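Residue-level structural notes
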Amino acid sequence: MRVGIICMSDKGSKGEREDLNTKIIIECVENFGYEVIVTKLIPDEEDLIESKLLEVVGRGDINLILTTGGTGFSPRDVTPEATLKVIERLTPGIPEAMRAFSMKITNRGMLSRGVAGIRKNTLIINLPGSPKAVKEILEYMLEPIHHGLEILLKKTGDCARK
């Protein structure tokens, strides 16, 4: 599977903060056997986020886009709104599972507004902005996400467990 990563960070995009999340995502997905094709570090600007999502999907060779940052309550946190403009089909079980998993660790997990969905043959998932949460969530969800991607890409059609 081929992955695109888009990190939303005003300070990171200005070089004022190190982008730890992209490094963590790369490590997690590569350990799972995925190939990272593109990474972007951009400010929290809704139009720019929407544009970058469309750009990465439009390449046609990315199966999974993982975004990080911009999913909280700050007025600048607009990643879910930009993502909703791009996706064609919602996948509500993914963010529901992420929040349920996070709630086992911290009750602040309920504050994540991340969404997930499909555009064409690309799954887009909003991850939180916390490096710790990004790592925990990816370790939890990469296996079922892989199965979903196989179905999306018609590499399997069977959802039943054996």
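Residues numbered from 1 in each chain as written. Predicted model: local features only at pLDDT ≥ 70, side-chain atom pairs only at ≥ 80, totals over all residues. Heavy atoms only, no water.

Within the fold, Thr 79 resides in helix α4 (residues 79-86). Looking at Thr 79, the relative accessible area reads 0%, which means it is buried. Each residue touching Thr 79, except ones within four places of it in the same chain, is listed here: Met 8, Ile 49, Thr 67, Gly 69, Gly 70, Thr 71 and Asn 126. (Helix = DSSP H or I, 4+ residues; strand = E, 2+ residues; numbered from the N terminus. Buried < 20%, exposed > 50% of the residue type's maximum accessible area, 1.4 Å probe, protein only. Contact = heavy atoms within 4.5 Å.)

The subject of this paragraph is the packing of helix α5 (residues 93-103) against helix α6 (residues 131-152). Where α5 contacts α6, the axes come no closer than 10 Å and their chain directions differ by 140°. It follows from the interaxial angle that α5 and α6 lie oblique. As for how α5 packs across α6, the hand of that crossing is right-handed. When α5 is examined against α6, the residues Ile 94, Ala 97, Met 98, Phe 101 and Ser 102 are found in contact with a partner set consisting of Glu 136, Ile 137, Tyr 140, Met 141 and Ile 145. (Axes fitted to C-alpha atoms, helices over the stretch in contact; angles between N-to-C directions. Parallel < 35°, antiparallel > 145°, perpendicular 65-115°, else oblique. Left-handed = near helix turned anticlockwise from the far one by under 90°.)

A separate point is the nonpolar core. With 27 residues, the main nonpolar core has Leu 64, Leu 66, Ile 125, Leu 127, Leu 138 and Met 141 as its most contacted residues. Considering every element that reaches this core, the biggest residue donor is α6, with 8 residues. When near neighbours in sequence (up to four residues on either side) are disregarded, Ile 125 contacts Leu 64, Ile 65, Leu 66, Thr 67, Ile 94, Met 98, Val 115, Ala 116, Met 141 and Ile 145. Listed in part, the 15 residues of the second largest apolar core include Ile 6, Val 38, Ile 42 and Ile 62. (Core = buried A, V, L, I, M, F, W, Y, C linked by side-chain atoms within 4.5 Å.)

Here the focus is the pairing of strand β1 (residues 2-8). By the criterion of burial, β1 is predominantly enclosed, with 6 of the 7 residues buried. One ladder, built from 7 bridges, connects β1 with strand β2 (residues 35-42); its direction is parallel. If you follow Arg 2 over to β2, its bridge partner there is Glu 35. In the sheet, β1 pairs with strand β3 (residues 64-68) via 5 bridges, with the strands oriented parallel. (Pairing = 2+ DSSP bridges.)

Turning to the environment of Gly 70, a few remarks are in order. Following the sequence through the fold, Gly 70 ends up in the loop between β3 and α4. On the basis of relative accessibility, which here comes to 8%, the residue Gly 70 falls in the buried class. Once the C-alpha coordinates of Gly 70 and Gly 60 are considered, the two residues, 10 residues apart in sequence, prove to be 25 Å apart. For Gly 70, the residues in contact, after removing those within four places along its chain, are Asp 44, Asp 77, Val 78, Thr 79, Pro 80 and Arg 113.

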